[in-house]
Structure formats: C-alpha cells, structure tokens
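Topology and contacts: notes
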Amino acid sequence: MKNLKRRYLTKSRFKLALDCPTKLFYTRKSEYENQSETDSFLEGLAQGGFQVEELARMDHPAGIAILGKDYNYQLLADKTAELLKQENVTIFEPAFLIDGLFIRVDILEKKGNKIRLIEVKAKSINSNSHDSFINSKGNLSGGWDIYLYDIAFQKHVMHLCYPEWQITSYLKLVDKNAITTVDGLHQCFKVVADSQLRTGIEKREGLTKDDIGDPILCLLNVSAEVDLILKDNPIDTNSSFTETLAHFKKHYQEDIKLFTEIGAHCKGCEFQVRDLAEGYKSGFHECWREQLQLPDHKIDRPKVYNVWYNPVKNAIEEGRYFMDELTENDLNIRPEAGKMSRSERQWLQISKHQEDDATPYFDIENLRMELDSWKFPLNFIDFETTAVAIPFMAGMKPYEQIAFQFSHHIVYEDGRVVHHNEYLNTEIGVIPNFDFIRALRDSLSENKGSIFRYHNHENTIVNVIYNQLLKSKELDKQELLEFIESISHNTGKNAKSWCGERDMIDLQKTVVNYYYDPSTGGSNSIKAILPAVLGSSEYLQKKYQNKLTTIDLTSKNFDMDHVFCEMENGKPINPYKALPPLFDGWDNEKLEQVSESLTEIKDGGAALFAYAKLQFPDVPEIERAAIKKGLLRYCELDTLAMVMIYEYLREVCK
C-alpha cells in the first residue's frame, strides 16, 4: 500500500500539500498519530458531510456508483472508463488515473462531450446573496480556496484524460435559506462505520426523490473561479498551477520531503504527537528538529503562538519561536481601569513562564468588588445544543440551532449548593426549543438572583430562539420574548436592541479580568480552568473529596456516595476525565476535540454527537437510556464546575 500511495498524487494529498507541503508525507497511522478516519466518522455523525453527499445523489436517480477497493486505482479507473463509453451517463465517485495523478469525483454528468463536474460539501452558503467566490481584488474569497483548488485539480486531471471534453465545474452546498419539508430527513441516510472506523452511509431502502421533500442543497457554477486557478494560480503566483502540481507530484513520487518553514501555522498541525513515548512519530517535531537543531524537550517549550490571542506575530518572522524569547517591548501594554487588560494578561502569561512561576495571580481588589455586585441566590446555567447540515425535523433550516438540554445549579448566601433543575429532550421528531425556553423560564423565575453563563454560547442561543419565536404562532410568544429579553442582551443579529435587568453574567469574563493560572497555558475554557482551580484550592479539595452525603450539595444524577474530586499522586483528577464516555469506544475528550474542528459548528462538545445518535429510532432502548444518563451527568458537571470556580474565587477574596 505504501508504494501505491507514493506512486500517485491524489485529491487528499494535493489538499494537504496546499495547506502545508510537508504534510504530503505524513500519511500512515502506523507511524504517525493521524486520527483522520475516526474524525471522519465523528464528523459524518455530527455535521452530516457523508449524508449531504448521499442526499446530493438523490437528484440523480439513474446515477451509477463506482465500487471497489479504495486503493486499487487502476481497477477503479478502468470501471469508470467503461461506463464513459456511453453517450449519456451519470456516475458517482468516478475515478481518473493519468501520469501519476489520481482523482475521484463526487458526481459526474456526461452528455456527449459536455461534462458537469459536481463537488459536494457540507459547508453552507446563503444562496440568495451569493454572487461569486472571486472578490473585488480579483482573488479567491477567504476560506473557499481549498475547495475551489480541489475542483480545479479534478478538472485538470479530467482534461488530461479526455482533452475533448467541455467541463463545467460546480459546488453543491448546503443552502442556509432552505427549509426542510419532511420530518426525519436525516434518518434516510444513516452514518455507519466498519471495524476500521471507515465511514459509510446506509440509505433507507426504497427511498425516492419525492420522499426527501424540497431541496436543501444548492448548485453553484464555479467555472470562473476554477479558470482563475488554472490560469493564475492565486495561491502562488510565482508558479503556474501545472508547475505547482508537477512539483508536488515529483517530490511525493520520489519520497523527497518538501520544505515548509515553521511558523504560527504549526499550531494546528494534525501530526503533532503529545506523547512520543507511545511509539508514534511526530511530523511536527521532525520539522522543528530539522530547522532549529533542537532536542524534543526544548521544542516542547511554550511557543510564541501559545500566548493568549497571539499578539506577537512578527516575532516568528524574526526567528523567535518560543515564549521565553519575548520581552515586554514586544507588547504594547495598556492598562485598563477596574480589571486586567488583555495586554497585561498576555505579559503576565509570558513573564510567569519566563520566571518559572506556577502560582496563580488575582486582581483581588477588583475581583472582590465584582463578587460583591452579585445578587444571591446565584444561578449557574449551561446549555447543550446542536446544529446539523440535514435537519432532524420539518420546518428547520440547515445548521439551525436546537437547544435540547440545560442544567441549573443554585448557590445560596449561606453556602448551600443545590442542583436545582435540569431539562433534556431528545424525543425524535420534536423541535424542543420553545419547551426548552419555557422550562428555563420556570426554573429561573423561582428567585431574582444573578444568573451566570460561561462564555457567549447561552446568550447566543437565547437570541436564536428569540428570532425563532418572532416567526412562530406560539400562544405565549410575547411572554417568552419578554423572558429572553430579561436574562440576555441582543447579539446584533436582531432588529431590536435590549439588555435585560438579569442579563446573564459571563463567568469566563470574570476569570479573564481578574485571575490567571499558568497551568491553563493561556486557555480560559471551563475544561482548563476547573483543573486549575482544583489544583490550587485546598478548600475545594477538602470539600469535594468527600461523598455527597457529607457535604452541603445535592445532585440529580450522581449517587450520594459519589466523590467529585478524586486524588492521584497527591493531585486532583480532572472530574471531566472521571466521567464515563457517552459512547463505548469514544473518549469524551476526543469528541470535544473533533467538535471544535467542525467548520460549521461551534460550541459543540460530546453532547452534540449524543443528540445526533439519539435521533435515529433504531438505537436500542438500553443504549438510549445510557446515553441520556451520560448527558445528564455531563451537563450537571458543567454547572457544578461553574460553582466550583465561583467558590474558589470567593475563598480567595475572603
């Protein structure tokens, strides 16, 4: 298989090379820690990439799929060539092999010599407002170039095989303006994985085009963009498209690694192995070792790009790659009244690293004033939501938000902590958003204390539901709108402006403004802050090492003998890691990482995948119950984590 891969430059290899030429060579999981197949399955489950491709095929009922072993390139190309002898034919996954280049096309329509090349993506677009992917400066629009180069590569190879063809290039995308007209559309295309975690789709037997309702995909002619790429090669104007292609092909075939200068782009390298002792190679470390002549332990030092909000981009251009090479002169430090400014916090991160100072920092005076402004009882809430390409229910748009779960903890002035309420609705075929907001209203209306979220997600979601309510005919619409206005502020996507008297307080902003712990590495996510506060706080360790029966804390989902702070070698174990996985064989942390990488979905997490799975009716009841139990525990821990962070800050201020 190695020789076969090295012999041909494929679509996936070409895209890797465009992103970072060195990536062309890191291909085999046996040598490099590359979870692309696992990620592919998870993305298919959550975002619907494979489902979208199958949905696109429904527009071509006479289409013929090219099937066969993935790496028997010649066989696949021969099957394609045989079908192309027909005057008119539509082919799914046709294969083309010529001169060391190999492609498979999503959908190809042939009518004589006139060819429609269709590339299907789960990426969304507003079809009503789209005009072109070429901007006013004559360049490709940001974020779309990789998709357009993919199609250009396919057209180039097809022309080499069939010079007489007249090829028109298309992108088939998810239409943000479309509305699903049938319930359970996603159920028609079930994401499955084999024992190697290869992704596939099981289409419902007997499915017809009429069964899927009105289209939610749009077809965009991108011939002008493809012609621009083939003519001017805007990614690298110093060489032509064919020269770039020949360069990649030669190096790949002859196994000559392409040089890529290290820099800020390395931060997201998918071939960076965290634990080299596991036996994997690390492409990231190979690049840095070769260019800096440093051992791995020195390469693993915090980088310039690890500084919060990456404020010193020019340092890498000057050959300074590590945080300990920065000086105060690299930052334009500007204080702000009443809190740490961003630049002050950035320098704090740098200086604590340089001084090997692991102690947390607090702006005690301003933190104490902030806490004193809060009104008891304190309400901590967290939402779980999802947004997928192929909606679960009729009446919804692609990637429209569904709010299906919340947790609500209350902290009273005497220190009591109560898991006051929760909501979970995974019922198939039901849009839960309005019932969700009613349940939230009922839960928060039992007191008039301050309400807390962690970051922007909750405020964004209630704004989404606000807009959904405006278009609805709910009998209590006005009451629900007023409730949302009372606990939130408008995001700018609403015609109306408001800021409620109980506008949710962002606990993350409290952390950012008044507290920094070097152990977080500059991250302010709740998954980073919780272990930091547990590691620093004797109060939290002492309290949460006890069983629930012995501390002033109630829980709806954990047994009374449960302990939230287990210790190992004198250090607390992250409570999130102590939770059992939502799915057998899938680590919750891995699910979080994959959801963060999805292009269309933000604020996802493990719950996103769980909800998607529960919308399929064939999930056994015992598994369904186990997933629901896991969801309830996961969300409860999110709000309890907020409580712990508050308790830590409170104790510090005493």
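Given the structure is predicted, the values throughout are model-derived calculations rather than measurements. (Residues numbered from 1 in each chain as written. Predicted model: local features only at pLDDT ≥ 70, side-chain atom pairs only at ≥ 80, totals over all residues. Heavy atoms only, no water.)

1. Structural notes on the pairing of strand β8 (residues 166-175)
- Buried residues dominate β8, accounting for eight of its 10 residues.
- Strand direction decides the pairing type here: strand β7 (residues 114-125) and β8, joined by nine bridges, are parallel. When the bridges of β8 are listed, Lys114 appears paired with Gln166.
- Between the parallel elements β7 and β8, the chain passes through helix α6 (residues 145-161) in a crossover that is right-handed.
- With five bridges connecting them, β8 and strand β11 (residues 217-221) associate as antiparallel partners. Bridged to Val174 within β11 is Leu217. (Buried < 20%, exposed > 50% of the residue type's maximum accessible area, 1.4 Å probe, protein only. Helix = DSSP H or I, 4+ residues; strand = E, 2+ residues; numbered from the N terminus. Pairing = 2+ DSSP bridges. Right-handed = clockwise from strand over helix to strand, strands pointing away.)

2. Topic: the confidence of the model for the protein
- Here the protein shows a mean pLDDT of 89. Residues at 70 or above account for 90%.
- Long-range and interchain partners of residues 28-38, a stretch whose pLDDT sits below 50, account for 31 contacts in this model, where long-range means more than four residues apart. (pLDDT = per-residue confidence, 0-100. Contact = heavy atoms within 4.5 Å.)

3. What to know about the sheet that holds β8
- Taken together, six strands build an open sheet; the order of strands is β2-β3-β6-β7-β8-β11 and the sheet is mixed. Lying at the two open borders of the sheet, with one neighbouring strand each, are β2 (64-65) and β11.

4. Observations concerning the sheet that holds strand β4 (residues 95-98)
- The strand order β1-β5-β4 describes an open sheet built from three strands, whose pairing is mixed. Pairing within the sheet leaves two strands with one partner each, and these edge strands are β1 (9-10) and β4.
- One ladder, built from four bridges, connects β4 with strand β5 (residues 101-104); its direction is antiparallel. Note that in β5 the partner of Leu97 across the bridge is Phe102.

5. Some details on the pattern of salt bridges
- Applying the stated criterion across every chain, the model contains 40 salt bridges.
- Of the charged contacts in the structure, one is a salt bridge between Asp414 and Arg416, with a shortest N-O distance of 3.0 Å.
- Given a relative accessible area of 32%, Arg416 falls into the partly exposed group.
- Each of Lys11, Lys15, Glu119, Lys121 and Asp150 takes part in one network of salt bridges that share partners. (Salt bridge = Lys/Arg side-chain N within 4 Å of Asp/Glu carboxyl O.)

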